[in-house]
Amino acid sequence: MTNLKYRLATIVALVLASIWALWPRTVIERVKRNGVFVYDTVQRVPLKRGLDLQGGMYLQLELDESKGVVSDKEDAIQRAVKVVRNRIDEFGVAEPTVQTVGNNRIIVELPGIDDPERAEAVVQQAAHLQFMITDETNALERALPRLDQIARDVGGPTSQGALGDTSKSSPVSGLEKLFTQDSGAKAADTTKADSATSPIPPTGGPISGLLQRGEMPGEFYITQENVARAEYYFSLPQIQQAIPPGKAVKWGADTMSIGGQIYRTLYVVDSRPIITGESINDARPNNTPIDGTVVEFQLDNEGGRRFRSETAKHIQDYMAIVLDDRVMGRPPVIQGAIGTRGQITLGRRDMQQAQDLALVLRAGALPVPLKIADVRSIGASLGDDAIRQGLSAGALGIAIVILIMVVYYRFSGMLAVLGLMFYSVTTLAMLAGFGAVLTLPGIAGFVLSIGMAVDANFLIFERIREEVDRGKTIRTSIDEGFSHAWSAIVDTHVTTALTAAILYQFGTGPVRGFAVALLAGLAASMVSAIFVVRTLFLLWLNRTRGTAPLSI
Amino acid sequence: MLRILHNTKIDFIRLWKQAAIVIVVFLIPAVVMIAMSGFNWSIEFTGGTRIQLQFQNAAEVSAVRSELANAGFPNAEIATFGSPNELMIRVQDPTAIAQQDRAAGAVVTAIRAALDRRFGEGSYTVVGAEAVSAKVGDELSGQAAIAVLIAFGITLIYLAWRFEWRFALATILATMHDIVATLAFMKYLNLEISLFVVGGILTVIGYSMNDKVVVFDRVRENLKKGRKLPLYDLLNQSVNETLPRTVMTGSTTLACLLALLIFGGDVIRPFAWVLTFGIIIGTFSSIYVASPILLWIERKYPRMAVDKAHISASQARAESQVEAAPRPIRGSKAPATGRR
């Protein structure tokens, strides 16, 4: 009797703990109010829904080694994770997940995001900011004869065939992203037409012919039609090597229009930046009447000191603000030593982009380039459908199981159904307790594991029937039924659990959700079949004192 | 007391040769088909792009197809999904995958641009979009294969420890057969092998092992009773004794799966198909694959000389079609020490 009391107490405690674990509670989390994310308290059941059920975005970022091998991948990816996490926190997502996979991947999950393209850009942008002084020494002009010579030796893109081809194949693969497919092809066509009708101007070679002097030292204009060709030349390794030492060539981010002609700018700058974005400790978007959209930034003390002394040395020089290898706006002239504040001019770009740029500057630059390997966005409506369908399938499945149990085993079947209720509550509570995420495969795994949980009951009840057939007393039959079924139940549960554990270990995303639900289900099923149903039988035996016939 | 299949004495194992023929007839065409055209892998494994769109009006599949062909995706697969308003577009050919390798969302953007041009912006919404690079896909299929092999290895060790190596080996071989049969079934239905379906196949493995363990657990118990019954008869007896449980569990699980098939929706349906077939084949193979394999192993590597004699005797009996059903142990006065 005391044994029975302890058993009952344990069951009641487990059920209460499970109900407590599943009780709706007040949590503080980011929620969307009128299109903005704010922190607020919400009342909800502590079972998180996965991306497939509530909609959102899944990104897998991979270390991009196409522009140079990264030596310490482990370290690089860890630092990248920090930056990505900072950015996402600033971006404002309900409950983001950022985790590493292996030593070269980052998985980002953004529930509730409805602008995938923007999220992609924010996560992936390198945000490498540099302040560089434009060249005052006419270094490029002096090197041009050599560059022209190299360009002639290599041959231009037109002599290799259509430029459109090169934009698709390797040499300029890093640059063609700037163009849509269409404008790339158009540029190619016009270049071809140009070279066919008017040969390269006599004053210049293949490169110098493309360049026109700009207004400030180190600045060049290139007409829009010639941009693709110039980009091709400047991406050639031979040309890169021939650029005067200590100097670098950077493209401007925007086009400008002078007298109806559209130009891109090219800047020659000192390759050593006077300061980089690492020193930024705050950045805010702003809208100014003169410069349009800008991002105002503030440097930390150390950076401010360096910035002041460097700018003091370069008064009357021009300072290019280079973001991810593109010069932002037109380099301003340095009037006097600049302290800790400055701004980046974004020209025609809208406020949203200024916001995003400020965000990535605050969060810091990515230590290594990342490339998106895998991207999924799931609409919220898809998730609602899936939940409704999953729930109705689950309800029907449970109804069928209950019907079969009660019709076939009568009273004992009812005890088994009680055991199944215990099983369901504890399984869900375990999932909530482990912070597991309820995904579609998870629900499927749960529905399925109900079927498998019943298996344990069938094993036991069939054994009890066999023992009753052998003419044993009810009490002995129940005891022997449980003890004989024990080995089969343990072995089946352990083999399935081993498979589930390996699934968890090697699987990703949805497969993991399935494995977790299965593991929780198996644990609950063992306790339910062996302990709970047995206790119910003992309770029944205790009440009837072993005199009543067993309905099984 | 409602009882089904109670106290049966069916000589199941006698039919193993016929069963083997059925298996071979089922598997051979599928193996040939798989060898010729491979599997219908989802983009998760090959890389590629999948977009689910919801149009405001019934979607014109042919118009979408021609527009996508213009946009450079002549091999895009387009199908309605769920309702006639919803479309699933799948782009999986190598050139598109290569395009994706440079920028993951490129194909999605291009398709949306093409559809915007044709149908106007806002005439449809993107319900879901996925773009997977080929490299991620390769790794994934590698991982799945490794996971299955490790699961087999660990189960083999566990069962060898709990039972003995003969039982473990028979279980694993029979389960492998179930995987091959399930893959053949998927080939016949031309089901797409997605990550979710792979999860289903792994569940089939778990269920199939579960079923074999239950039967072998009975064999182990009957062996412990120390009665000098040939293994052939012992297996038959064990299969018969566990038959009510096998049928009940099988039908309950199938009922749950039926619910998933009917109400689970298009996302769950392939998964439910795999499990439905897998559970039937898993139950079947416990009797007709695992048991004959165990008998074969036993004959090659007998436990004891005395067993060998029994087995050959029983084989001879089975082949000469003599009534081979053993007397059930029901009501026997077996010593209590023989059981646990």
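Our subject in this report is the structure included herewith. In this text the structure is predicted, and so the values were computed from the model without any measurement. (Residues numbered from 1 in each chain as written. Chains lettered and ligands numbered in written order. Predicted model: local features only at pLDDT ≥ 70, side-chain atom pairs only at ≥ 80, totals over all residues. Heavy atoms only, no water.)

### Quick look at the interface of chain A and chain B
Counting residues at the interface gives 70 residues for chain A and 72 residues for chain B. The contact between chain A and chain B buries some 6500 Å² in all, and 62% of this surface belongs to carbon and sulfur atoms. The largest share of the area that chain A buries against chain B comes from Tyr408(A), Asp491(A) and Phe506(A), three residues that together contribute 9% of it. Where chain A packs against chain B, one counts eight salt bridges. There are 13 residue pairs in polar contact (both at pLDDT 80 or more) connecting chain A and chain B. In terms of residue class, the side of chain A that touches chain B is built from 33 nonpolar, 17 polar and 20 charged. Of the pairings in the sheet, the one linking strand E18 (residues 370–378) of chain A to strand E4 (residues 124–132) of chain B comprises five bridges and is antiparallel in character. (Contact = heavy atoms within 4.5 Å. Buried area = accessible area lost by both parts, 1.4 Å probe. Salt bridge = Lys/Arg side-chain N within 4 Å of Asp/Glu carboxyl O. Polar contact = N/O pair within 3.5 Å; in protein donor to acceptor, adjacent residues only side chain to side chain. Nonpolar A, V, L, I, M, F, W, Y, C, P; charged D, E, K, R; others polar. Pairing = 2+ DSSP bridges. Helix = DSSP H or I, 4+ residues; strand = E, 2+ residues; numbered from the N terminus.)

### A word on the nonpolar core
Burial of nonpolar side chains together is a common tendency in soluble globular proteins. Leu431(A), Phe152(B), Met186(B), Ile205(B) and Val274(B) are the most contacted members of the largest nonpolar core, which totals 53 residues. Setting aside anything within four residues of it in sequence, one finds Leu431(A) in contact with Leu47(A), Ala436(A), Leu438(A), Val516(A), Ala517(A) and Ala520(A). Of all hydrophobic cores here, the second largest spans 52 residues; its members include Ile133(A), Phe307(A), Val368(A) and Ala131(B). (Core = buried A, V, L, I, M, F, W, Y, C linked by side-chain atoms within 4.5 Å. Buried < 20%, exposed > 50% of the residue type's maximum accessible area, 1.4 Å probe, protein only.)

### Comments concerning the environment of Val91(B)
Residues and elements named next belong to chain B. As for its placement among the helices and strands, Val91 is situated in strand E3 (residues 83–91). For Val91, a relative accessible area of 0% gives the class buried. Along the primary structure Val91 and Phe271 are separated by 180 residues, whereas in three dimensions their C-alpha atoms are 22 Å apart. Setting aside its immediate chain neighbours within four residues, Val91 contacts Ile43, Gly48, Thr49, Phe73, Ala76, Ala96, Val107 and Ile111.

### Digging into the side chain of Asn457(A)
All names here are of chain A. Tracing the sequence through the fold places Asn457 in helix H13 (residues 440–469). With relative accessibility at 1%, the residue Asn457 sits in the buried group. Other than its neighbours up to four places away in sequence, Asn457 contacts Met405, Ala416, Ala529 and Val533.

### Digging into helix H9 (residues 231–241) of chain B
The element H9(B) is extensively covered by neighbouring structure, given that 11 of its 11 residues are classed as buried. Among all positions in H9(B), only Leu231(B), Tyr232(B), Asp233(B), Leu234(B), Leu235(B), Asn236(B), Gln237(B), Ser238(B), Val239(B), Asn240(B) and Glu241(B) are buried.

### With respect to the side chain of Arg245(B)
If you trace the backbone, Arg245(B) turns up in helix H10 (residues 243–263). Setting aside its immediate chain neighbours within four residues, Arg245(B) contacts Asp455(A), Phe458(A), Leu459(A), Glu462(A), Asn210(B), Asp211(B) and Val214(B).

### Describing the pairing of strand E9 (residues 219–223) of chain A
All names here are of chain A. With five of five residues buried, E9 is to be regarded as a mostly interior element. Side chains of E9 alternate between two faces, with Glu219, Tyr221 and Thr223 and Phe220 and Ile222 buried alike. With two bridges connecting them, strand E8 (residues 212–213) and E9 associate as antiparallel partners. Bridge pairing in E9 places Gln212 opposite Tyr221. With five bridges joining them, E9 and strand E11 (residues 261–270) adopt antiparallel strand pairing. Residue pairing across strands places Thr223 opposite Tyr263, the latter belonging to E11.

### Some words on the pairing of strand E2 (residues 77–81) of chain B
Residue and element names in this part refer to chain B. Taken together, the five bridges between E2 and E3 define a ladder with antiparallel strand orientation. In the sheet register, Phe81 faces E3, and the bridge partner there is Ser83. What sits between the antiparallel neighbours E2 and E3 is a turn of one residue, in which Gly82 has the positive phi angle 80°.

### A closer look at the sheet that holds strand E17 (residues 341–345) of chain A
In a beta sheet, neighbouring strands are held together by backbone hydrogen bonds and run either parallel or antiparallel to one another. Residues and elements named next belong to chain A. In spatial order, the strands read E13-E14-E17; together these three strands make up an open sheet with antiparallel pairing. Each end of this open sheet is capped by a strand with a single partner; those strands are strand E13 (280–288) and E17. Recorded for the sheet is a direction-independent mean angle of 25° between the axes of neighbouring strands. Across five bridges, the pairing between strand E14 (residues 292–299) and E17 is antiparallel. Across the sheet, residue Phe297 finds its bridge partner in E17, namely Gly342. Sheet strands in contact with helix H11 (residues 351–363) are E13, E14 and E17, and its direction is about 170° off that of E13. (Axes fitted to C-alpha atoms, helices over the stretch in contact; angles between N-to-C directions.)

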